[in-house]
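Chain residues, written in single-letter form:
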Amino acid sequence: MLDLTGINNDNDFYSHHYLSAILEGDLKGIFSQWQDQEQHYKEQLEQRGDKADTSHPDRASWIRLRAQGQLYLQIRNQLDSERSVSERVRLQRQLFRQLLQALGYDWQPKMQTLDNGSAIPLLASYGHNGHPQLWILGALDASRSGENPLSLSLNAAQFLPEWIDQGNQPDKTLLQHSFDDLISKQLFSQEQPPRWIILLSDSQLLLIDRQKWGEKRLLRFDLSEIYGRKEESTFKATAALLTRSHLLGEGGSSLLDSLDENAHKHAYGVSEDLKYALRESIELLGNELMQQYQQSGSGERKYSENRAADLSRQCLRYMYRLLFLFYLESHPELGYVPMNSNAYRKGYSLESLRDLELMPLESDEAQNGSYLFDTLQLLFGLINDGFRPDQQQTIWGGDAEAFTLAPLASHLFANDATPLFSRYKIRNQILQRVIQLMSLSRPKAGKKSRRGRISYAQLGINQLGAVYEALLSYKGFFAKTDLYEVKPAKEPADPLATAYFVTEAELPNYSAAERVLDEEGEFKRYPQGTFIYRMSGRDRQSDSPAAGRGDCVANCCPA
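The model shown is predicted, which means the values in this text are computed figures rather than measured ones. (Residues numbered from 1 in each chain as written. Predicted model: local features only at pLDDT ≥ 70, side-chain atom pairs only at ≥ 80, totals over all residues. Heavy atoms only, no water.)

Engineer: Residue-level account of the pattern of salt bridges, with values.
Structural biologist: All chains considered together, the criterion is met by 24 salt bridges. With a shortest N-O distance of 3.9 Å, arginine 229 and glutamate 225 are connected by a salt bridge. Placement of both arginine 229 and glutamate 225 in helix 10 (residues 223-229) is noted, with a separation of 4 residues, approximately one turn of the helix. The partly exposed category is assigned to arginine 229, whose relative accessible area is 35%. Note on glutamate 225: relative accessible area 31%, which makes it partly exposed. With its nearest N and O atoms 3.4 Å apart, the salt bridge here joins arginine 313 to aspartate 310. Linking arginine 313 with aspartate 310, this pair stays in helix 14 (residues 305-330), spanning 3 residues, or about one helical turn. Given the relative accessible area of 29%, aspartate 310 is considered partly exposed. One salt-bridge network, held together by shared partners, links Asp3, Glu225 and Arg229. (Salt bridge = Lys/Arg side-chain N within 4 Å of Asp/Glu carboxyl O. Helix = DSSP H or I, 4+ residues; strand = E, 2+ residues; numbered from the N terminus. Buried < 20%, exposed > 50% of the residue type's maximum accessible area, 1.4 Å probe, protein only.)

This is the structure we're talking about:
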């Protein structure tokens, strides 16, 4: 297993799941190449009778990087005691040169003129077809306290005397900006900005992609941690992500672009499964609430547009509570929910309910009881109100420590945000189906296909938001009469696509290829009063399968 300790994934540069579970597999080819490269080097070494050289250009880049450990620790010690700013710059440059060369970069310090006429010192730069690809900058931590390089500023001492003699005086305005501001307001705002920036200090190396910088997503390599621990797999991962040929590519797409594409595919697959799960779950909850409303005798059956909109909103909010909690519980590094507490994990967590997702509900009490609903309501209350027990109090057994939860106090979890869920209880058989949908991937075609467990750790915050936002374009409505679902003949049935419905009287107008079938192979029917949550085709009559044969959606949407 790759040990990524010291490699920090700021703001989900890659998804947490991708780094921890998938990256290693995507790098196997690189590791295999390095192994062959090392074998070839050793064979050549034996033929020449020379001594091994860990910094030789024929060695694998992770070997060359690891070999700089002694120099790194030596210069760090010197920097800790050195007070002269100019001497600190000299020591840093000595360190930067060795680190960059180990990763395959040429040492080519230069002054880079910006669009506004000012110039900044670069340690190296690379371009392709006249367009900049990579700029490498150094950051001087004058306080010697391990500052975040982005919070530091350019220092006048970083402008070498020969550059100043050539007229490149330090721009006082640039010296006043942090690297964070400098990158955002100057470097990436150039008419031709670089795609990548590497920002180096004596304690950290930051890899910044312009395409992700808007959300401050970056990879942060803690050099003191990496060289202090001396873990082989960490050096391999670091070199794989930073080596020049991997970052910039050679005549085609780079390794990092391939990794990013694969990470996106995995996150996209989870996102798509969740969109289907959320849509179906909202329909299940909506119909369950309406059934209980009718059975309670609370009033006459009204299937108005306003009622459908309110039902949609409350069910969507309830489902987003679940989505949000799945995400929190699968990201313990966020430190909000106490997943390290047995009391919380086994007695209250949403994760504990996933263990019941496939348990047969055989008795009437098991099917129609409200254990799952009551457990979730208790959990939602803990999240909203918080929990801070007395020091003497425990809530799980006699020896377990009581957990603490800070109140979220969010409108999302407030009782008055979902009044229907406060008035009625969802039966176990409905909520178990919802948890199944949210826990297992969609069935794939093929007899041997198995449903896998959805990993919420694979989702970044951006994918989480995309799942929720995608469903905001959907609309809930009641079937005013019995409806049957149809589709364009040449398109597959897709519950996330625009929906078309027709009445029984209109069925003869539709061929077998235009009919949507249910799991039993029957024409998919929605009885009068059914709550449907779909992307409505009411405003897309010209695109409907019945265009020219009448309005197939006239009876499906509320008046």
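Engineer: Pulling in residues and values, what's your account of helix 2 (residues 28-48)?
Structural biologist: Its 21 residues place the ends of helix 2 30 Å apart at the C-alpha level, agreeing with the 30 Å of an ideal helix rising 1.5 Å per residue. Two residues or fewer past helix 2, glycine 49 is found with a positive phi of approximately 75°. (Expected span 1.5 Å × (residues − 1).)

Engineer: For helix 5 (residues 85-102), give the residues involved together with the corresponding values.
Structural biologist: Here helix 5 spans 26 Å end to end across 18 residues, near enough to the 26 Å set by a 1.5 Å rise per residue. If you check which residues of helix 5 are buried, you get Arg88, Val89, Leu91, Gln92, Arg93, Leu95, Phe96, Leu99, Leu100 and Ala102. Within two residues after helix 5, glycine 104 carries a phi angle of roughly 95°, on the positive side.

Engineer: I'd like a rundown of the side chain of serine 203, residues and numbers included.
Structural biologist: In this fold, serine 203 is placed in the loop between strand 6 (196-200) and strand 7 (204-209). Among the residues examined, serine 203 registers a relative accessible area of 6% and is labelled buried.

Engineer: Outline the nonpolar core, supporting the account with residue identities and numerical values.
Structural biologist: In terms of nonpolar packing, the biggest core is built from 64 residues, with Leu274, Leu285, Tyr318, Met319, Leu323, Leu431 and Met438 touching the most fellow members. Non-local contacts of leucine 431, meaning those with residues more than four positions away in its chain, are made with Leu285, Tyr318, Leu372, Phe373, Leu376 and Ile426. Core analysis: the second largest hydrophobic core is formed by 56 residues, Ile7, Tyr18, Ile75 and Leu100 among them. (Core = buried A, V, L, I, M, F, W, Y, C linked by side-chain atoms within 4.5 Å. Contact = heavy atoms within 4.5 Å.)

Engineer: So what's going on with the sheet that holds strand 4 (residues 124-128)? Which residues, and what values?
Structural biologist: Reading across the sheet, the 6 strands line up as 1-8-7-6-5-4 and stay open at both edges, with mixed pairing between neighbours. Only two strands of the sheet have a single neighbouring strand rather than two, namely strand 1 (7-10) and strand 4. Across the sheet, the axes of successive neighbouring strands diverge by a mean angle of 15°, strand direction being ignored. Relative to strand 7, strand 6 runs antiparallel, the two being bridged by 5 bridges. The partner of isoleucine 198 across the bridge, within strand 7, is leucine 207. Sheet contacts for helix 11 (residues 232-242): strand 1, strand 7 and strand 8 (218-222); angle to strand 8, the most-contacted strand, approximately 140°. (Pairing = 2+ DSSP bridges. Axes fitted to C-alpha atoms, helices over the stretch in contact; angles between N-to-C directions.)

Engineer: With reference to specific residues and values, describe the packing of helix 14 against helix 20 (residues 428-439).
Structural biologist: The geometry of a pair of packed helices is captured by two quantities: the angle between their axes and the separation between those axes. Relative orientation of the contacting elements helix 14 and helix 20 amounts to 50°, with a least axis distance of 12 Å. By the angle class used here, helix 14 and helix 20 are oblique. Once helix 14 is placed against helix 20, the crossing between them reads as right-handed. In this structure, helix 14 uses Tyr318, Met319, Leu322, Leu323 and Phe326 to contact helix 20, whose residues at the interface are Leu431, Val434, Met438 and Ser439. Partitioned by chemical class, the residues of the contact of helix 14 with helix 20 number 8 nonpolar, 1 polar and no charged. (Parallel < 35°, antiparallel > 145°, perpendicular 65-115°, else oblique. Left-handed = near helix turned anticlockwise from the far one by under 90°. Nonpolar A, V, L, I, M, F, W, Y, C, P; charged D, E, K, R; others polar.)

Engineer: Explain the packing of aromatic side chains to me, and be specific about the residues and the numbers.
Structural biologist: For the structure shown, the criterion picks out 17 aromatic pairs. On the numbers, 4.9 Å between centres and 25° between planes, the contact of tyrosine 72 with tyrosine 227 is stacked. Here tyrosine 72, found in helix 4 (residues 69-81), pairs with tyrosine 227, found in helix 10; they are 155 residues apart in sequence, far enough to count as distant. No difference in accessibility class separates tyrosine 72 from tyrosine 227, as the two residues are buried. For the pair phenylalanine 501 and tyrosine 526, a centre-to-centre distance of 5.3 Å together with 90° between the ring planes defines the contact as edge-to-face. Residue phenylalanine 501 is located in strand 11 (residues 498-502), and its partner tyrosine 526 is located in strand 12 (residues 525-526); the two are separated by 25 residues in the primary sequence. No difference in accessibility class separates phenylalanine 501 from tyrosine 526, as the two residues are buried. What links up through ring pairs into an aromatic cluster is the set Tyr318, Phe324, Phe380, Phe413 and Phe421. A cation over a ring is seen here: lysine 212 above phenylalanine 13, with NZ or CZ 3.8 Å from the ring centre. Cation over ring: lysine 236 sits above tryptophan 62, and NZ or CZ is 5.2 Å from the ring centre. (Phe/Tyr/Trp six-rings, centres within 6.5 Å; stacked < 30°, edge-to-face > 60°. Lys NZ or Arg CZ within 6 Å of the ring centre and 35° of its normal.)

Engineer: Residues and numbers for the confidence of the model for the chain, please.
Structural biologist: Detailed conclusions should not be drawn from predicted coordinates in areas where pLDDT is low. On average, residues of the chain carry a pLDDT of 85, and 89% of them reach 70 or more. When the criterion is pLDDT under 50, residues 391-400 qualifies, and its contacts beyond four places in sequence or with other chains add up to 13 contacts. Long-range and interchain partners of residues 538-544, a stretch whose pLDDT sits below 50, account for 14 contacts in this model, where long-range means more than four residues apart. (pLDDT = per-residue confidence, 0-100.)

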